[in-house]
There are 2 protein chains.
Amino acid sequence: MTRYQHLACLLSDRIEQGLYRSGERLPSVRTLSLEHGVSISTVQQAYHLLEEKLLIVPQPRSGYFVATRKATPPVPALTRPVQRPVEITQWDAVLELLSSRTGGDTLQLGSGMPDLSQPTLKPLWKIMARQAQKQDIATLNYDSLLGVTALREEVARLAIDSGCQLTAEDIVITTGCHEALSASVRAVCEPGDIIAVESPAFHGTMQTLRGFGIRAIEIPTDSVTGISLEALELAFEQWPIKAVVVVPNCNNPLGFIMPEARKRALLTLTQRFDAAIIEDDVYGELAWEYPRPITLKSLDMDGRVLLCSSFSKTLAPGLRVGWVAPGRYRDRVLHMKYIGTGSTATQPQHAVAEFIRQGHYLPHLRRMRQVYQRNYETFSCWVRHYFPCGICVSRPQGSFLMWVELPEAFDAVRMNAELRALNIQVAVGSLFSASGKYRNCLRLNYGLPMNAQTERAVAQLGAAIERAMHAASTDAPASSVTD
Amino acid sequence: MTRYQHLACLLSDRIEQGLYRSGERLPSVRTLSLEHGVSISTVQQAYHLLEEKLLIVPQPRSGYFVATRKATPPVPALTRPVQRPVEITQWDAVLELLSSRTGGDTLQLGSGMPDLSQPTLKPLWKIMARQAQKQDIATLNYDSLLGVTALREEVARLAIDSGCQLTAEDIVITTGCHEALSASVRAVCEPGDIIAVESPAFHGTMQTLRGFGIRAIEIPTDSVTGISLEALELAFEQWPIKAVVVVPNCNNPLGFIMPEARKRALLTLTQRFDAAIIEDDVYGELAWEYPRPITLKSLDMDGRVLLCSSFSKTLAPGLRVGWVAPGRYRDRVLHMKYIGTGSTATQPQHAVAEFIRQGHYLPHLRRMRQVYQRNYETFSCWVRHYFPCGICVSRPQGSFLMWVELPEAFDAVRMNAELRALNIQVAVGSLFSASGKYRNCLRLNYGLPMNAQTERAVAQLGAAIERAMHAASTDAPASSVTD
């Protein structure tokens, strides 16, 4: 942290603690310079940073004042989905989101895309260029069904940080985490079976269940502590649930990290009802806490956890390099991988293995965690500033996704049409429900560069929400809630 | 064709036509040189080539003699699989074949691996290196669900050669042909449905059916004209068949190209019974005839054909770049792709698109067709020479796969264990049947370099077959045929 960042941090703490009150004039640049023994320009930089974060406002010829702030919005309450297994819908809406994913000028606030512009990613390009120059035929040939050995060894080593004792033989490389999840679901379930999911839950997983004729039972989920174990237990007692799919670390979309005690309790519960756990850890490496949170897999003694992950969020999604540690379901997962894609693209696997082997991965992760955490601070300031009152906002503990809950009558699907004209894309909450719930919610991505364009988009989004909320309060709210 | 190749060809024709008889002495080098107006060394090279092909044998100080040859083995007769839908087995055997696919010193006579050593492939490496050097972020990011537009445009253009009028919008890029087939099967069928397949049929397709709970009805197939339309019609009348999976061009494993009239009749038949056709054209570009044979898709007027293909056999399998033209099933196929892998690795798609755009693809194809055809001539000479009598051998019309049928009592599965000790891998015929038929058959790959090591392996394989045939004729044949 540089001096000016340190100073900004200190001042921001004082504002947060109420030492400087809303609307109060801040000490002059000269006073602070003397008080902290730093240069005038350092103080100016610190003030500039706080201004960017909308914590303070300059007034010409009078200095800086603490911004008149709205209160920090509360986090969303425990969700209340339908309490029975349902057929999954919403494919059209997911397709629409995907179609806008690569649209030229559209600001992608709704995608799960990581920031690919950081310098710590550069060695990956070099490695890929070197590999192509070497013309090693093995990188163009079929890979083994398990995946490139060197990569599996590195993945096993990395898994130690999440508390796992794995060997290369325990790992199956997949075409992204998507294939890991897809193969896992098919490995543990037959069509017609029931799987319990968090609510809200990642739309990709949900569509996978739909595609294989599996019904989902959505379990109430808290935006701080995760899936409700009490509700899950009731569901287990009532329905023959084959497996639970969870994202316990840096949850998508809610951002929580499940407390360790609850992770243990979840595992015990699935043991009692002999269900499998499909654990999606794709954002786990991007937790802000250090050391990173443990996985359910690390607690698993009888191989019932299928740990799914990838390098899509930590390195780059276009590589399509993911993996699964399928525990006791290894043979079934291998079969499902074989019939899905045969094998995974070989060259990207070698490139990732080499990137890790050369020691570039951990520094890159460290940087990305910092980048996203700083982005979060800025982004949440903007949201507080530009969004209307009466909303709830998640407090992510890692990664780059934020969940915004608007008043019940709000219709985000309708608003989305308006946003398209502004070249802004958001993920509508209903994608994250089997039954089209959460039409009043949005998932936003703050992995983008926090620049003037992004700020303008957040401002436009805030204005659109305000208009839509106004319209919703005058309209009849009939069509906005589906259960 | 060089002069010596031309001369060799001419001499080989004369031997074939019986102008030079078995055991007869050939004209001296000097005579031929005068007769054809070519140099002494040209004649020597031509004789050397014929010697390599085992058509002639040198005798010290006496010149060259026509080799004492066995008769060309007949092609396999129409197959006779079980005439009812069956659950598919054989996964363990497929897994075993796959596990040996990347084994260090093992000679891969059983894999569907193309030759990656040809100089016409070199520009692909250069393109990949250049792309990595350019550090274009788009190549690391998610691709659209359809796939990279530039690649889809090139694929649509290439499809003209097979008679298809397609646009980029008709094409969905997949992770190899494997995903194209897998998504197609799931797009047209529900678990419990019945699909008709050729018999023998590619094991990957068969395992896909198994994995999704689909039953296969194996249709008798002729090694020259393809699937029996008469048997297929009977099956249609008897069972509610949802789709037919066929490899009409350079069939895997039999090597035939379905005559055009039979392609038309197959399409008419599926129209009558309103079934879909999943057409696997992955070897179609490697047909020896020019122009290449048409696809069923090119005859399809109502969108019932899902054309699946890839660059795995023509360029390189490790790229995992395939595609499907799904006709009327486009939306379902997109959904199935989304839930299987989300998207395909981006960089290889860009590399292939650029390789085609720069004009390297068609010259590469031309070369590969020549290489495989020449390999076939040599390889079939070796098979004739080293394998015992009483076998049937397919006459492939393209690609690099050969089907060998041994006497009914022969057990290739048992022989395979013996081959492992010799570091030779073959594909056992039973992989190509839903019900474990064809234990007396082998599929061999002549895409390998035709060098001394390969010849030795063919010789060892021939000896092993001879031993096993001998053992089979003395043993009881009880366990060798399963229907």
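Residues numbered from 1 in each chain as written. Chains lettered and ligands numbered in written order. Predicted model: local features only at pLDDT ≥ 70, side-chain atom pairs only at ≥ 80, totals over all residues. Heavy atoms only, no water.

A word on the sheet that holds strand S12 (residues 392–393) of chain A. Residues and elements named next belong to chain A. Taken in spatial order, the four strands line up as S12-S13-S16-S15 in an open sheet, and their pairing is antiparallel. With one partner strand each, in any of the chains shown, S12 and strand S15 (427–428) form the two edges of the open sheet. In terms of strand pairing, S15 meets strand S16 (residues 441–445) through two bridges, oriented antiparallel. Bridging from a neighbouring strand, alanine 427 pairs with arginine 443 of S16. (Pairing = 2+ DSSP bridges. Helix = DSSP H or I, 4+ residues; strand = E, 2+ residues; numbered from the N terminus.)

The two chain copies are related to each other by a rotation about an axis together with a translation along it. Superposition record for chain A on chain B: RMSD 0.2 Å, screw rotation 180 degrees, translation along axis 0.0 Å. What the rotation and shift describe, once combined, is the action of a two-fold rotation axis. By C-alpha distance to the rotation axis, the residue of chain A lying nearest is A:Ala129, at 2.1 Å. Interface overlap between copies: 100% of the residues of chain A at the interface are likewise at the interface in chain B, consistent with a symmetric, same-surface contact. (Least-squares fit on C-alpha atoms with pLDDT ≥ 70 in both. Contact = heavy atoms within 4.5 Å.)

Okay, the side chain of B:Ser433 next. Residues and elements named next belong to chain B. Assignment of secondary structure puts serine 433 in the loop between strand S15 (427–428) and strand S16 (441–445). Serine 433 sits in the buried class, given a relative accessible area of 1%. A distance of 3.0 Å separates a polar atom in the side chain of serine 433 from the backbone nitrogen of lysine 437. (Buried < 20%, exposed > 50% of the residue type's maximum accessible area, 1.4 Å probe, protein only. Polar contact = N/O pair within 3.5 Å; in protein donor to acceptor, adjacent residues only side chain to side chain.)

Reports often express the size of an interface as the amount of accessible area lost when the parts come together. Under the domain assignment, chain A is made up of domain 1 (3–66), domain 2 (91–116 + 363–480) and domain 3 (123–359). If you average the C-alpha positions of domain 1 of chain A and of domain 3 of chain A, the two centres end up 44 Å apart. (Domains from an automatic or database assignment.)

Let us now look at the packing of helix H14 (residues 412–421) of chain A against helix H15 (residues 452–474) of chain A. Residues and elements named next belong to chain A. Their axes nearest at 10 Å, the elements H14 and H15 cross at an angle of 140 degrees. Looking at the two axes, H14 sits oblique to H15. The handedness of the crossing between H14 and H15 comes out as right-handed. Note on element contacts: H15 touches H14 through Leu461, Ala464, Ile465, Arg467 and Ala468, opposite Met415, Glu418 and Leu419. Residues that form the contact of H14 with H15 fall into these classes: six nonpolar, no polar and two charged. (Axes fitted to C-alpha atoms, helices over the stretch in contact; angles between N-to-C directions. Parallel < 35°, antiparallel > 145°, perpendicular 65-115°, else oblique. Left-handed = near helix turned anticlockwise from the far one by under 90°. Nonpolar A, V, L, I, M, F, W, Y, C, P; charged D, E, K, R; others polar.)

Another aspect to go through is the interface of chain A and chain B. The interface is formed by 64 residues belonging to chain A together with 64 residues belonging to chain B. A per-residue breakdown of the area chain A buries against chain B is headed by A:Trp125, A:Leu140 and A:Tyr142, which together make up 17% of the total. For the interface between chain A and chain B, the tally reads zero salt bridges. Applying the counting rule to chain A against chain B returns 20 residue pairs in polar contact (both at pLDDT 80 or more). The set of elements that each furnish at least two residues to the side of chain A that touches chain B consists of helix H4 (91–99), helix H5 (122–134), helix H7 (176–188), helix H8 (203–211), helix H11 (330–340) and helix H12 (346–357) of chain A. The element best represented in the side of chain A that touches chain B is H5(A), accounting for eight residues. Across the side of chain A that touches chain B, the residue classes tally to 27 nonpolar, 27 polar and 10 charged. (Buried area = accessible area lost by both parts, 1.4 Å probe. Salt bridge = Lys/Arg side-chain N within 4 Å of Asp/Glu carboxyl O.)

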